[in-house]
Amino acid sequence: MDNCSAASMFLTDSLELELGTDWCKPPCFSCGFDNRGGGSHFSGESYLSSGALKRLILNLDPLPTNFEEDTVEIFGIQWVTETALVNSSRVLFHLFRQQLYNLETLLQASCDFGKISILHSKADNIRQQCVTFLHYVKVFIFRYLKVQNAESHVPVHPYETLEAQFPSVLVDELHGLLLYVGHLSELPNINLGAFVNQNQIKLFPPSWHLLHLHLDIHWLVLEILHMLGEKLKQVIYGHQFMNLAGDNLTNVSLFEEHCENLLCDLISLSLNRYDKVRPSEALMSHHCPCPCIKELWVLLIHLLEHRSKWSLSERQMESNWNFVEELLKKSIGVQDGIPEEQLRMHLHCCLTLCDFWEPNIVIVTILWEYYSKNLNSSFSISWLPLKGLTHIIKSPLSMLEMVKTCCCDKQDNGLYKSSSSYTIFLCILAKVVKKAMKNNGPHPWKQVKGRIYSKFHQKRMEELTEVGLQNFFILFLLLAAVAEVEDVAGHVLGLLNFLKPSFITSPLIWKGQVAFLLMYIQKNLDIGVLAEKFSGAFREKAKEFLVSKNDEMGQRQTLWTLLSIYIDGVQEVFETSHCLHPSHEKLLNDGFSMLLRACQESELRIVLSFLQAVLARIRSMHQQLRQELQKENVDLTAQSSLSAKERHLAAVASALWRHFFSFLKSQRMSQIVPLSELADAAADFTLLALDMPSTAPSDLQPQPVISIIQLFGWDDIIWPQVVARYLSHCLQNSMLCEALSHSGCVSFQALTVRSWIRCILQMYIKNFYVPDDLFIDINPGQAVEKEYLGQLAELTRLLFKLSEVKNIFSKAQVEYLSSPEDPTKALILFFEAIGITYGNLQTLSDKSAMVTKSLEYLGEILKYIKPYLGKKISSAGLQLTYRMMGILVKSWAQIFATSKAQKLLFRIIDCLLLPHTVLQQEKELPAPMLIAIQKSLPLYLQGMCIVCCQSQNPNAYLNQLLGNVIEQYIGRFLPASPHVAGLGQHPVLMALRNSTTLAPMSLLKKCIIQVIRKSYFECKGSLLPPRLASILAFILQLFKETNIDISEVELLLPGILKLLVLVSEPQVKRLATENLQYMVKACQVGSEGEPAAQLTSVFRHFIQDYGTRYDNQIYSILEAVAALDQQVVIHLLSTLTQSLKDSERKWGLGRNIAQREAYSKLLSHLGQVGQDEMQRLESDNT
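Residues numbered from 1 in each chain as written. Predicted model: local features only at pLDDT ≥ 70, side-chain atom pairs only at ≥ 80, totals over all residues. Heavy atoms only, no water.

Q: Would you take a moment to explain the overall build of the chain for this structure?
A: The helix and strand inventory of the chain stands at 55 helices and eight strands. Across the chain, contacts joining residues at least 24 apart in sequence account for 76% of those joining residues at least 6 apart. Put simply, the chain shows about 54,400 Å² of open surface, and 52% of that area lies on carbon and sulfur atoms. (Helix = DSSP H or I, 4+ residues; strand = E, 2+ residues; numbered from the N terminus. Contact = heavy atoms within 4.5 Å. Areas by Shrake-Rupley, 256 points an atom, 1.4 Å probe, with all protein chains shown as cover.)

Now the structure itself:
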């Protein structure tokens, strides 16, 4: 029963549930839960919840707090508690039957809502009186019934005489009561529903009370009979009744008869539940009409088990297989065939009997006759969902799992729902064969084998359908599991040759063969014969798969299904093998070489996953072997065995190198193999080479580990995604790192750092091999894949643990990031740490070694960034490239100042800042490149200036490069209109603004001014440069942000004055005037009232060059200068006067009145000196 476990809980927990009250309500059956059972399966008033069953079993007082008064009211009459039952037992039982009759008469009343309250009250009162009486009988037996001494001849009291007769009378009365109430199954159909009144109280009809009173009577009669036997310890004979056999009625016979009747009634009630119900609904319905009937089942089970005093598992039951055999023959011999649902029930019963009775081969034979003829049937029930053999089995493991389930000693009670009759037959077959072989040796197995083998021949195998073939495999797998696996497997291989040609490509055949392989492995047998046949089929299918690479997809998919079954099966074989035999190598034949060449990406993932699993298993087994060999006191026999196992491992490893590694090596640069799987597999081979170097192919010798790392970790042409993942695997393995450190590969860490730098710089490269056709930004908002970014972070974390890297950070005294999350920030820190470390070195030899090591870290760094500089542009890639290289140039400026490193610096500048497209002025640079240069140009300019200042040998070419860079970009980043806000972000000005050292800043400023003079103020002819206003605004901003040197004024002022004379655009004239004023004011500082000679010289040359043609403009300019500093103009009077005379002389027209008036206006601003100069000019007749 499904509530036995719940009942067991009640037996242990609820003994004292009701003992705290003076009077507890006697237990009874009830469907109206009151929750006193704590939310359990049964009502709080039930026999289980109240502890009544436990008190019965433990022979305790049934109701210790009840019936303690001298008198007791029963059926409305007061009785003497201690004597009532002896004196008036017949009367009391008569009153009991009368009350029962009264309850039955209430059934005739119409039960509507208006009358239900009264009817419920009356019926409940009658029932409580009856239940109380029966409980009183129990208490009377326990407390007051005395055991009579039959041999005593002393005269007795009349009461004692009655008391001696009482047990027999009670048996008679109980028998009469049972006859009166009849069978439970004879009760009319009863409505178990309840009415609910306004107070939410359940009101039940009289029929409900009658049913539950019958249940109470049937159970309490059993309790009374049990207690009577326990109390008197003897058989009590009835006086009035005899049983059907003519024997006298006893308490024992009455108990057994009543139990039998009650069990039959309960079964009948359950059967009636399914009388007119569809099968699909039957499974959803419970076999008990209400919880009370379920409780009665549980009570019966526990009471009978208690009385039996022996366990079910210890029974020695006499078998009756002959009867079962006849039943089965009749069942399966029906002409139209037995329905599957019935057959399941029959076989389920047989399976249960197999647990109790001795094994019976005849039963198996009878059933096999039926199933051998119906092997192609699915044995399903149309209305019942089924988990078993109705569906095609998905994998070899599920086949073995089903066989394992069938071979279990204890089967699930729900086999009817979960398994077909064929599965139950297999359970019977397994159980019978195992028990028979245990008892009688191999003879029973030979009988069964002969019966089963004889049914399979060529014709029968050709008749098998897909379902039949599945049933065939499960049958023989089960036989292999319980008997001789090699014999069975060999027979199966022979029978498979008889299948129809259409079945040759059936996945089921391959699954079945894998299942047998795995069973061999489970039994630790050599798989040689199976492996050779199966691997040969795999090779053939792999060849077909390679040939059908471009054929129609249907054929290709069919082949792949078979190949994937083989791959999964072989993986399972290796993972479950305790040790490898020579036959394991057969499973890894050249079929894999052909398969790998034919696979597409998704298929390759599966094959490479298989490879990794096998590699991991081989390495694990090798480590175990090494540990065993290193143990002390290993005898020669064990040592020889371990050496043989190691040779077998080496053979398998060599097969993997041969068929898999060569393919991986050839696909290093392709995109056919998924990059992550390629890296993982390469790392696994690296670890295999570390563990078993002798197994690696000759082209990797003598140092296979370093050779593989060179191929997949240090080679610059490998995808960065592969390198990052591969090196992460390598650096995670401490044994590998230690081996490399002691291998003589001194550059191991430097080469790894170089690859790390490349992986970061190339994080935005999607395809190395796309031709540069057009200037296209393939993805302006391009982001790095989350997986790759995570891989880079992991590689960075591991790389920062390398001793070289830690040493650099330690010497630089830069904060060390133990867990850097941003790889780009980590690379910046690394570059800066190297620069600082180099700057702190003292000796020339240390510095030279550091330069060499630093350049080794970079490698061919320009090749790494070259893909970004093509015509297919990545905005994010360009930003990263220019920023990182700019930081490199600035932070490594002292390193680039050395002759060893300058060549790389020149190449960086030429490649990034001065490519051919920049030098072609008529072509515009792509916007993403301009943005990247604008953001990073200050870094380059500052670094180049530092290099120029600290260069070991003055380098004219480097200064020229600096000038060329400024010349190219000072104009490109000028705003279209001269706004100060726009000029503030000019990269050239930002380079000056952010410079921390004086000498490089002075050099940069000097170079900027020279470029401006050359490019904007030394124009020949009348052609003026573009964006004059912007460059004038730039100069003005430059002077505002830096201190002006007189030499700088000397360089720029002639050009400013020239613009004031030649350009009439108001904005240009305004800005030129502002620049002039700023220069004059700046020259006043520190001149102690005297104008700078250079300033005076500039103006003098300006007058001499332009005085004869632009006299009015010159006077206007000088008026503005005089307003700021009269002394400057005063020092120029002689030159001005002479220029005036020269002009008049040149034109030969005498005095130029207009020019003299303009000159006089200028002189009027010079005070007395000006007046004096006017007088001299007037008085001069020349």
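From this point, the discussion proceeds with the structure in view.
Q: How do you make sense of the confidence of the model for the chain when you look at a structure like this?
A: Atomic detail in the predicted coordinates should be set aside for any region of low pLDDT. On average, the chain scores 85 in pLDDT, and the residues at 70 or more come to 87%. Within the model, pLDDT remains below 50 along residues 1-22, and this stretch shows 48 contacts once partners closer than five positions in the same chain are excluded. Segment residues 34-40: pLDDT under 50, and 12 contacts once partners within four positions in sequence are set aside and those in other chains are kept. (pLDDT = per-residue confidence, 0-100.)

Q: Just checking my understanding: could you explain empty space enclosed by the protein for this structure?
A: Empty space among the atoms becomes apparent when a probe as large as a water molecule is rolled across them. Counted by the stated rule, this structure contains seven cavities of 30 Å³ or more. Counted as a void, the second largest cavity has a volume near 70 Å³. Around the second largest cavity, the lining residues are A52, R55, L56, N59, L60, P62, K138, E223, H226, M227 and E230. For the lining of the second largest cavity, the secondary structure elements donating two or more residues are helix 2 (52-57) and helix 7 (206-232). At four residues, helix 7 tops the list of elements feeding residues into the lining of the second largest cavity. Looking at the lining of the second largest cavity residue by residue, the classes come out as five nonpolar, two polar and four charged. (1 Å grid on protein atoms, 1.4 Å probe; cavity = no way out; pocket = protein on both sides within 12 Å on 5 of 7 lines; lining within 4 Å. Points joined across faces, edges and corners; volume = space filled by probe spheres on them. Nonpolar A, V, L, I, M, F, W, Y, C, P; charged D, E, K, R; others polar.)

Q: For this particular structure, what's the right way to read the environment of E173?
A: With respect to the helices and strands, the residue E173 is situated in helix 6 (residues 158-181). Take E173: its relative accessible area is 7%, and that puts it in the buried class. Separated by 81 residues in sequence, E173 and L92 place their C-alpha atoms 9.9 Å apart. Beyond its immediate sequence surroundings of up to four residues, E173 is in contact with R90, F93 and R97. (Buried < 20%, exposed > 50% of the residue type's maximum accessible area, 1.4 Å probe, protein only.)

Q: Explain the pattern of salt bridges to me, please; I cannot follow it from the model alone.
A: A complete count under the given rule lists 39 salt bridges for this structure. Between E1048 and K1005 there is a salt bridge, with the nearest N and O atoms lying 3.1 Å from each other. Placement of the pair is E1048 in helix 48 (residues 1046-1062) and K1005 in helix 46 (residues 998-1017), with a sequence separation of 43 residues. You can call K1005 buried: its relative accessible area is 6%. Via salt bridges that share partners, R90, R97 and E173 belong to a single interconnected network. (Salt bridge = Lys/Arg side-chain N within 4 Å of Asp/Glu carboxyl O.)

Q: Hey, could you run me through helix 34 (residues 803-812) in this one?
A: Three- or four-residue spacings in an α-helix give side chains the same orientation, since the helix completes a turn every 3.6 residues. Buried residues of helix 34: E804, V805, I808, F809 and A812, and no others. Looking straight down helix 34, one finds that the buried residues subtend no more than 135° of arc, so they occupy a single side. As for helix 34, its buried residues are in contact with helix 32 (748-761), helix 33 (786-799), helix 35 (823-840) and helix 36 (844-858). Q813 lies just past helix 34 and shows a positive phi near 55°. (Arc of directions from axis to C-beta.)

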